Amino acid sequence: MEKVRHDNVGEALRAHMFVPAQDMANLGKTSQPVLVRGEGIYVYTEDGRRLIDGPAGMWCAQVGYGRKEIADAIYNQAMTLPYASPWYMATSPAARLAEKIASLTPGDLNRIFFTTGGSTAVDTALRFTEFYNNVLGRPHKKRIIVRFDGYHGSTSLTAACSGRAGNWPNFDIEQDRISFLSSPNPRSAGNRSQEEFLDDLVTEFEDRIAKLGPETIAAFLAEPVLASGGVIIPPKGYHARFKAVCERFDILYISDEVVTGFGRCGEWFASEKVFGVIPDIITFAKGVTSGYVPLGGLAISDRVMSQISGDNAKGSLFTNGYTYSNQPVACAAALANIELMERDGIIQHAGEMADYFAASLCTLSALPGVADVRSVGLVGCVQFLVDPTQPATSEADKAFTRKMEERCFSHGLIVRPANDLCVISPPLIINKEQIDVVVEIMTRSILEAAQAYNLVAA
């Protein structure tokens, strides 16, 4: 068969690209908008349109686009040493980055393992719990407890731990070892107070441990904020109470900070300072390089490591790894990203913008079709409910959300729609004036969608 070179990027996309969340009915018929460059909080399409990047790429463009410091670090390392086998050789960027991240993590999480991204970071954390319990002579302690509405990645194991049912159809999800708890969504409390709701969530966790047997449970895996599930912010004290239960039953607590790490919630890591918990393991990715190159990893506590290393190693080798673990160009990019964030006070700036961001988003609450607005740090979500007499997340709600997203795009703002949810998580460098523009566009777009559906404010 003769291969054809297409005249433009759109044709090449339609002919050859197979993308995440591909609508299979439209394979080869449609293509995504093509971006050609970025600057600050803005990205530009091939036809010259400027758009505010509302989702910061995929929660990752912390310092914005066009940062020469990071590009220079990538170039310099690529020209010096672009690769070294992580099994046999070490490089300065990887060692220095591990040292730097260990200085930013809470508690004694001082041992850093680098992967290729968020999915492989979480997958490695879960494989580590297998290794850990096998070395300790506990081969049956392998179950993983997770939550509905959580998202943890796209490997077979991390997908099995992701509680978004929309990710499951037409895949074979292995769940023999996985046990799901209720989503900690405060909107599910019903007539209960948030304190009562939290008590019930903790009781459910304790009952599940009793039912499965604590001797079978390796880990509790939790995002501080259930990001892809709709920016679900658990009741205050949730994480600390769950960690206390984990400690009581010798269960490792894994905090999945792939989204919340590196400033998204106004701190380097959200677990301790925002949510009051010091985990046994933290996973990270995305913001560690601000999306300039792929990199992920995990930080493991010294207490945990001491039980299976040194005199306690029993001859074991942790053979999990990736060709691009410790990748020197990626590590150099991350070091430059962190240095830039420190120099420009970007973490502090994100914390200072959080209240203004939350208050601005809350003005959307009074608009027709809006059911809820919530945020923490610089990540927020607007939830839509077109007909209060219908179950939540109806087809009408989804269509309304898509219409709102289309209107935002036409007015110069990218948002991330997901069923009845619209997520907004801008680059951390955003300022008040730019937040005002974001909310103005969202307001106009919601009103235009509402007009199309003949909705009026409650």
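Scope of this entry: the structure provided in the associated data block.

What about the sheet that holds strand E8 (residues 252-256)?
Reasoning step 1: Pairing is mixed in the open sheet, where seven strands are placed in the order E4-E10-E9-E8-E7-E5-E6. Among the strands making up the open sheet, the edge pair consists of strand E4 (109-115) and strand E6 (178-181). Looking at each pair of strands side by side, their axes are set apart by 20° on average, direction ignored.
Reasoning step 2: Where helix H4 (residues 92-104) meets the sheet, its contacts fall on E4 and strand E9 (281-284), and the angle it forms with E4 comes to roughly 135°.

Focus on the packing of H4 against helix H11 (residues 328-343)
Reasoning step 1: Across the interface, H4 lies against H11 with an axial gap of 8 Å and an inter-helix angle of 40°. On the basis of the axis angle, H4 is oblique to H11. Taken as a pair, H4 and H11 cross one another with a handedness that is left-handed. On H11, the residues that touch Pro 93, Ala 94, Arg 96, Leu 97, Lys 100, Ile 101 and Leu 104 of H4 are Pro 328, Cys 331, Ala 332, Ala 334, Leu 335, Ile 338 and Glu 342.
Reasoning step 2: The class makeup of the residues in the contact of H4 with H11 is eleven nonpolar, no polar and three charged.

Topic: the sheet that holds strand E11 (residues 370-376)
Reasoning step 1: Across the sheet, four strands lie side by side as E11-E12-E15-E14; this open sheet has antiparallel pairing. Two strands in the sheet have a free side with no partner beyond their single neighbour: E11 and strand E14 (416-418). Between one strand axis and the next, the sheet turns through 20° on average, direction left out of account.
Reasoning step 2: Direction of pairing for strand E12 (residues 379-384) relative to strand E15 (residues 421-424): antiparallel, over a ladder of four bridges. Residue Gly 380 lies in a different strand from E15, and its bridge partner there is Ile 424.

Some words on the packing of helix H13 (residues 395-410) against helix H14 (residues 432-452)
Reasoning step 1: At a minimum axis distance of 8 Å, the contact between H13 and H14 shows a crossing angle of 130°. As the angle between them shows, H13 and H14 are arranged oblique. The crossing of H13 and H14 is right-handed. Residues Phe 400, Lys 403, Met 404, Arg 407 and Cys 408 of H13 lie in contact with H14, whose contacting residues are Ile 441, Met 442, Ser 445, Ile 446, Glu 448, Ala 449 and Ala 450.
Reasoning step 2: When its residues are assigned to classes, the contact of H13 with H14 shows eight nonpolar, one polar and three charged.

Brief notes about the packing of aromatic side chains
Reasoning step 1: A complete count under the given rule lists 19 aromatic pairs for this structure.
Reasoning step 2: Taken together, a centroid distance of 5.1 Å and an interplanar angle of 40° make the contact between Phe 205 and Phe 220 tilted. In this pair, Phe 205 is assigned in helix H7 (residues 194-212) and Phe 220 in strand E7 (residues 217-222), connecting sequence segments 15 residues apart. The two residues Phe 205 and Phe 220 agree in class, both being buried.
Reasoning step 3: An angle of 25° between the planes, with centres 4.2 Å apart, marks the rings of Tyr 238 and Phe 242 as stacked. With Tyr 238 and Phe 242 both in helix H8 (residues 238-248) and four residues apart, this pair spans about one turn of that helix.
Reasoning step 4: In this structure an aromatic cluster arises from ring pairing among Phe 113, Phe 128, Phe 131, Tyr 132 and Phe 318.
Reasoning step 5: The ring of Tyr 44 is capped by Arg 37, whose NZ or CZ atom sits 3.9 Å from the centre of that ring.

About the criteria used
- Residues numbered from 1 in each chain as written.
- Predicted model: local features only at pLDDT ≥ 70, side-chain atom pairs only at ≥ 80, totals over all residues.
- Heavy atoms only, no water.
- Pairing = 2+ DSSP bridges.
- Helix = DSSP H or I, 4+ residues; strand = E, 2+ residues; numbered from the N terminus.
- Axes fitted to C-alpha atoms, helices over the stretch in contact; angles between N-to-C directions.
- Contact = heavy atoms within 4.5 Å.
- Parallel < 35°, antiparallel > 145°, perpendicular 65-115°, else oblique.
- Left-handed = near helix turned anticlockwise from the far one by under 90°.
- Nonpolar A, V, L, I, M, F, W, Y, C, P; charged D, E, K, R; others polar.
- Phe/Tyr/Trp six-rings, centres within 6.5 Å; stacked < 30°, edge-to-face > 60°.
- Buried < 20%, exposed > 50% of the residue type's maximum accessible area, 1.4 Å probe, protein only.
- Lys NZ or Arg CZ within 6 Å of the ring centre and 35° of its normal.

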